Amino acid sequence: MRAATPPDRDTAEEVKRRPAGRREPMSVNQISHPEEAGRWPSPPDPGDLSKRIALRRAELHLSLAQVAARAGLSLRYLEYLERYPARPTPAALRQVAAALRTTPAALLGAGAEAPPGHHRPADLRAISKLMPAECRRLIASGGVGRIAFGTLTGPVVLPVNFAVLDDTIVIRTAEGTIIDGHADEQVALEVDHIDEALCQGWSVLVRGPAHRVAHPAELHRLQEDATVWPWPGGEREVYVRIVPTEITGRRIEIR
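Here is a short report on the structure shown in this document. (Residues numbered from 1 in each chain as written. Predicted model: local features only at pLDDT ≥ 70, side-chain atom pairs only at ≥ 80, totals over all residues. Heavy atoms only, no water.)

## Thoughts on the nonpolar core
Considering soluble globular proteins, one finds that nonpolar side chains tend to be buried as a cluster.
Reasoning step 1: With 24 residues, the main nonpolar core has Ile139, Ile147, Ile169, Ile171, Leu189 and Val204 as its most contacted residues.
Reasoning step 2: For this core, the secondary structure elements donating two or more residues are α6 (132-139), β2 (143-151), β3 (154-165), β4 (168-173), β5 (186-195), β6 (200-212) and β7 (238-242).
Reasoning step 3: The element contributing the most residues to this core is β6, with four residues.
Reasoning step 4: The contact partners of isoleucine 139, leaving out residues within four places of it in the chain, are Phe162, Val164, Ile169, Val191, Trp202, Val204 and Val206.
Reasoning step 5: Core analysis: the second largest hydrophobic core is formed by 21 residues, Val67, Ala71, Tyr77 and Tyr80 among them. (Core = buried A, V, L, I, M, F, W, Y, C linked by side-chain atoms within 4.5 Å. Buried < 20%, exposed > 50% of the residue type's maximum accessible area, 1.4 Å probe, protein only. Helix = DSSP H or I, 4+ residues; strand = E, 2+ residues; numbered from the N terminus. Contact = heavy atoms within 4.5 Å.)

## Digging into the pattern of salt bridges
Reasoning step 1: One pass over the full model with this rule turns up 15 salt bridges.
Reasoning step 2: Across the pair glutamate 82 and arginine 57 runs a salt bridge whose closest N-O atoms are separated by 2.6 Å. On the criterion of sequence distance, the pair formed by glutamate 82 in helix α3 (residues 75-83) and arginine 57 in helix α1 (residues 48-59) is long-range, its members being 25 residues apart.
Reasoning step 3: Owing to a relative accessible area of 16%, arginine 57 belongs among the buried residues under this scheme.
Reasoning step 4: Here arginine 221 makes a salt bridge to aspartate 225, at a shortest N to O gap of 3.4 Å. One end of the pair, arginine 221, and the other, aspartate 225, are both in helix α8 (residues 216-225), four residues apart, so they sit about a helical turn from each other.
Reasoning step 5: For arginine 221, a relative accessible area of 35% translates into the label partly exposed.
Reasoning step 6: Connected via shared salt-bridge partners are Asp166, Glu218, Arg221, Asp225 and Arg241. (Salt bridge = Lys/Arg side-chain N within 4 Å of Asp/Glu carboxyl O.)

Put into structure tokens, the structure is as follows:
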């Protein structure tokens with residue numbers, strides 16, 4: 001029986017498959033045609049690299065075809081990188097990173113346990129204020145932010161998943177949590193995005209009163225329309241709504 005080729009020996013063999021009656025692995029060029037896109041060798045099983053590539057592409061609002069063209073790689077190969085735990089050659093990884101305006105290290109998860117922003121920023125950078133409409137646009141898709149409120153022992157800041165519905169912020173928590181205990185107070189929610197590869201980013205700060213949703217009709221609507229999936233999981237059926245009275249933001253970019 002023929003020995004299997006190590007998966008990291010050659011970029012072409014990252015996308016190998018063996019149709020019936022064929023013993024030789026296909027190369028990247030041989031499977032670069034879009035019409036073959038529905039015939040992968042097995043169900044998708046993305047790895048860490050795959051998820052980081054897909055997330056970075058989504059952040060830049062680029063299609064697979066656009067990234068493939070920028071990287072000088074086939075569309076089929078880029079689809080493979082996003083769907084399977086691949087081991088691209090250093091050259092291919094550099095091409096993908098350049099197309100996504102980031103670094104190979106970032107795509108491989110380097111510094112994942114470190115706080116963002118520890119790299120030395122570029123010299124030519126500028127800070128600009130964001131208008132409320134732009135702030136709303138940046139946070140409209142929801143995600144992860146930090147809620148802040150005062151307690152008897154001092155201010156507290158906690159990470160939360162949030163959604164935006166009808167110009168209000170919606171979060172979910174569990175009965176008896178510290179957020180639940182301060183759900184009917186003045187709070188602040190901070191959301192940001194940092195692009196370390198380009199030394200730029202933005203932050204949005206929302207201030208306003210919060211209230212625990214208790215009315216059955218309002219609670220039912222939030223359960224139906226507000227897509228909030230807290231990362232910690234578990235029973236989190238307390239919905240808290242923040243009504244913004246002030247929205248401010250700023251952007252840092254290279255000029």
